[in-house]
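Examination of the molecular architecture
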Amino acid sequence: MKSTTKHQETAPAVSAGAAGTAAEKGWGEPAGGEPRRGRFTRENVAKVLFIVPAALYLALFFGYPVVKNITMSLQAYTTKTFFTGEAPWVGFDNYATMFGSQLFGPALLNTGLFTIGSIAGQFVIGLALASFFKRRFPLNNFLRSMLLLPWLLPLIVASATWRSILDQDSGILNRFIGAFGLEPVPWLTSPSVALIAVILVNIWVGIPFNVTILYGGLQDIPEELYEAGALDGATGWAAFRYITWPNLRPVVSVVLVLGMVYTIKVLDIILGLTNGGPANATQTLSIRSYQESFVNFEFGVGAAFSNILIVISLLFAIIYLRANRRAVDE
Amino acid sequence: MTSASAVLKTRPSAHPRPGRPRPWARPTGSGRGAINTTLGVIFLGIMLFPIYWMINASLQPSGNTLNADFFPWNPSFAGYEKAIADQGGNLVTSLIVSLGTVLFSLVIAAPAAYALAQFRFRWINIALLAILISQMIPGIVIANALYAAYNDVGLLNSIPGLILADATHAIPFAILILRAFMIGIPPSIVEAARVDGAGLVRAFMSIVVPISRNSLITAGLFAFLFSWSDFLFALTLTTTDEVRPVTLGIYQYLGTQVSNWSAVMATAVLSSVPAIVLLLIAQKYIAAGAIGGAVK
């Protein structure tokens, strides 16, 4: 698969590539009887036009926001700015405000706990379900694709639904544990459990994605390895430990790093469930960024918070790309 | 080979491999199969219970329905009546924005995907890397900057403004999914048309687009679902109730209407309809996208 792809990639390009290099070598080379082949032939211009709209879009809707966040974070960018058009430069004042705020430490800690807790839960349950669905049985494919549903629903719908389920007085979860004689848990109203509740909901949302990718990885492990292992007595847990896990590791690193990148920026679920409360117990960096910008209208401080998010995401992006390259090399 | 192209090649192809045997085709002990199917149904039941509960709660009589029964023995549609009265317009707004996002995303992404798959550009790997990284940029970063920019150009509270912003969820994903398919199109079929005198654009429209139908459907479905689910841009780029997607409607319900759960849940059910319908009727496209979605 890899080699054919490579082949097809180079094949159509032979003529264009040759023209390109000839043009680059410059005047010394005779034109070879094809004087119209150069950099700016109609053909080459048409080819570039295929990519221009997308390039413009990416520059305007991804490039510009990143740059704008950096400049905003160095300006006093407030409601006033929208009336006067003035946003005076203030150096690193916004960063000082951010690091000095009482909420910075807790938000950073919560972001870490939320991310690690969500990823760990999604991954363990996802791997267990993926291993289960590796068995052959009737309706396997159908059941597995229905499992995608939580992932496809709007996150705010998931938040609304879970808010009714987790309601302290009459939510179904507390009624359920009440049947076993347990005290009702104030899932979303107590600062000491709210973060756990939010993590549990995010685990539920992320399981389908983990199952899908890990199932794909499991399917790619050759059956012969297990057959050979079985001859040597490696079955059950030993088979998992010595065959499945080493072979799955490249996929695992991709799932985990992507999970980090996407969990760190989660906003919908927390806003829908707790709005960052109770008593700021579920504040994260992205909630801070949103609230500074769109609730307090301190866009400069909000941008400073989101720049921290960008830096963390980029770190994971680099890890992701390295993990992926290793996955290919192996 | 640079990392970007390597990344894309490790991803499974965008479409289910046709030759793969169906898992249950090989006869196994039928007793065991039945036990596993039962277990599978139980696991699925646990995972989908919240969705069942949402539907159940939406059919309870109005008022504080949190004390709902396990089954809506006396279904009441009062919640739906209120939901449609309050949120009907928002649902239509969401639908228009989502369809607009599908159209806009495909028009932008398909030619770019083809170029990245088939043309020889020197900077192709850099472009792919940029697309991968763009998917990792937090939405709040985009929202922060777009709010100021939209305020200047008058795109706040507008449907085109939301379409342009929602396409940030869809375009990088669509380019990657479409490119993964288009890389397999044999250049010879396009060249044959070129020999017959078709220009590059005509060859693209009359040959590449029809061949890529399935991957275009997959990319389009996900563009729809991403845009339909969008909450962040709805929340930040609208300030009045002129243009209000239903996700924002639900959020505002949560703030004001928690005493009327059946209406909240009915709106939630109505907002889930696209995902449920698409999963049932377009399963293979969704599965293809979910696997390609390793990059989502």
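One structure accompanies this document, and this report is about it. Nothing here was measured: the structure is a model prediction, and the numbers come from that model. (Residues numbered from 1 in each chain as written. Chains lettered and ligands numbered in written order. Predicted model: local features only at pLDDT ≥ 70, side-chain atom pairs only at ≥ 80, totals over all residues. Heavy atoms only, no water.)

Okay, the packing of helix H6 (residues 159-182) of chain B against helix H9 (residues 213-229) of chain B next. Residue and element names in this part refer to chain B. Between H6 and H9, the least distance of the axes is 9 Å, while the angle of their chain directions is 165°. The pairing of H6 with H9 is recorded here as roughly antiparallel in orientation. Two packed elements cross with a definite hand, and for H6 against H9 that hand is right-handed. Across the interface between the two elements, Asp166, His169, Ala170, Phe173, Ala174, Ile177, Leu178 and Phe181 from H6 touch Ser215, Leu216, Thr218, Ala219, Phe222, Ala223, Phe226 and Ser227 from H9. Residue classes in the contact of H6 with H9 are distributed as 11 nonpolar, 4 polar and 1 charged. (Axes fitted to C-alpha atoms, helices over the stretch in contact; angles between N-to-C directions. Helix = DSSP H or I, 4+ residues; strand = E, 2+ residues; numbered from the N terminus. Parallel < 35°, antiparallel > 145°, perpendicular 65-115°, else oblique. Left-handed = near helix turned anticlockwise from the far one by under 90°. Contact = heavy atoms within 4.5 Å. Nonpolar A, V, L, I, M, F, W, Y, C, P; charged D, E, K, R; others polar.)

Moving on, we get to the pattern of salt bridges. A side chain of one charge can pair with a side chain of the opposite charge if their charged atoms are brought near each other. Enumeration according to the criterion identifies 3 salt bridges over all chains in this entry. Between glutamate 43 of chain A and arginine 194 of chain B there is a salt bridge, and its shortest N-O distance comes to 2.9 Å. Taken together, the positions of glutamate 43 of chain A in helix H3 (residues 42-72) and arginine 194 of chain B in helix H7 (residues 187-195) put the pair across two chains. Its relative accessible area of 30% is what places glutamate 43 of chain A among the partly exposed residues. The shortest N-O distance in the salt bridge between lysine 82 of chain B and aspartate 86 of chain B comes to 2.8 Å. Taken together, the residues span about one helical turn, with lysine 82 of chain B and aspartate 86 of chain B both in helix H3 (residues 78-118) at a distance of 4 residues. Overall, the relative accessible area of 26% leaves lysine 82 of chain B in the partly exposed class. Using a relative accessible area of 36% as the deciding quantity, one classes aspartate 86 of chain B as partly exposed. (Salt bridge = Lys/Arg side-chain N within 4 Å of Asp/Glu carboxyl O. Buried < 20%, exposed > 50% of the residue type's maximum accessible area, 1.4 Å probe, protein only.)

Let us now look at the interface of chain A and chain B. In this assembly, 98 residues from chain A lie in contact with 114 residues from chain B. When the buried area of chain A at its contact with chain B is split by residue, Phe50, Phe62 and Arg136 of chain A rank highest and sum to 8% of it. Run the count over chain A and chain B and you get 1 salt bridge. In this structure, the connection of chain A to chain B is made through 15 residue pairs in polar contact (both at pLDDT 80 or more). When grouped by side-chain class, the residues that make up the side of chain A that touches chain B number 62 nonpolar, 19 polar and 17 charged. (Buried area = accessible area lost by both parts, 1.4 Å probe. Polar contact = N/O pair within 3.5 Å; in protein donor to acceptor, adjacent residues only side chain to side chain.)

Here the focus is a nonpolar patch on the surface. All names here are of chain A. Together, Phe40, Val45, Val48, Leu49, Val52 and Leu56 give the surface a local cluster of nonpolar side chains, amounting to about 570 Å² of exposed area. Tracing the backbone through its elements, the reader meets leucine 49 in helix H3. Classification of leucine 49 by relative accessible area gives exposed; the value is 53%. (Patch = residues over 30% accessible without salt bridge, like charges linked within 9 Å, V, L, I, M, F, W, Y side chains within 5 Å. Areas by Shrake-Rupley, 256 points an atom, 1.4 Å probe, with all protein chains shown as cover.)

A few words now on the nonpolar core. Generally speaking, soluble globular proteins have nonpolar side chains that are buried together. One finds Ile175, Leu237 and Ile286 of chain B to be the most contacted residues of the largest nonpolar core, which totals 189 residues. Mapping this core onto the domain boundaries places at least three of its residues in each of domain 1 (30-62 + 69-76) and domain 2 (78-295) of chain B. Those residues within four positions of isoleucine 175 of chain B in sequence are excluded, and the remaining contacts are Ala54 of chain A together with Ala109, Ala112, Ala113, Leu116 and Ile131 of chain B. (Core = buried A, V, L, I, M, F, W, Y, C linked by side-chain atoms within 4.5 Å. Domains from an automatic or database assignment.)

With that out of the way, let us pick up the side chain of glutamine 122 of chain A. Mapped onto the fold, glutamine 122 of chain A is located in helix H6 (residues 104-133). A distance of 3.4 Å separates polar atoms of two side chains, one belonging to glutamine 122 of chain A and the other to asparagine 210 of chain A.

For the α-helix, the turn length of 3.6 residues means that residues three or four positions removed from each other point alike. All names here are of chain B. With 21 residues, helix H12 (residues 261-281) should cover 30 Å at 1.5 Å per step; its first-to-last C-alpha distance of 30 Å lies within 8% of that length. The axis of H12 is deflected most strongly, by about 40°, at serine 272, and proline proline 274 appears within four residues downstream. Taking burial as the measure, the 21 residues of H12 include 15 buried ones, the bulk of the element. (Expected span 1.5 Å × (residues − 1). Bend = angle between axes of the 7 residues up to and from the residue.)

All right, on to the packing of aromatic side chains then. Here a ring pair, both rings aromatic, is described through the centre-centre distance and the interplanar angle of the planes. Enumeration over the complete set of coordinates arrives at 41 aromatic pairs over all chains. Between the aromatic rings of tryptophan 151 of chain A and phenylalanine 222 of chain B, the centroid separation amounts to 6.3 Å while the plane-to-plane angle is 55°, which identifies the pairing as tilted. On the criterion of chain membership, the pair formed by tryptophan 151 of chain A in helix H8 (residues 149-152) and phenylalanine 222 of chain B in helix H9 is interchain, its members lying in two chains. Phenylalanine 222 of chain B shares its class with tryptophan 151 of chain A; the two are buried. A connected cluster of aromatic rings, assembled from ring pairs, spans Tyr77, Phe82, Tyr290, Phe294, Phe297 and Phe299 of chain A together with Tyr147 of chain B. Its guanidinium or amino end placed over the ring of phenylalanine 119 of chain B, lysine 47 of chain A lies 5.1 Å from that ring's centre, counting from NZ or CZ. One cation-aromatic arrangement involves arginine 144 of chain A over tyrosine 215 of chain A; the distance from NZ or CZ to the ring centre is 3.7 Å. (Phe/Tyr/Trp six-rings, centres within 6.5 Å; stacked < 30°, edge-to-face > 60°. Lys NZ or Arg CZ within 6 Å of the ring centre and 35° of its normal.)

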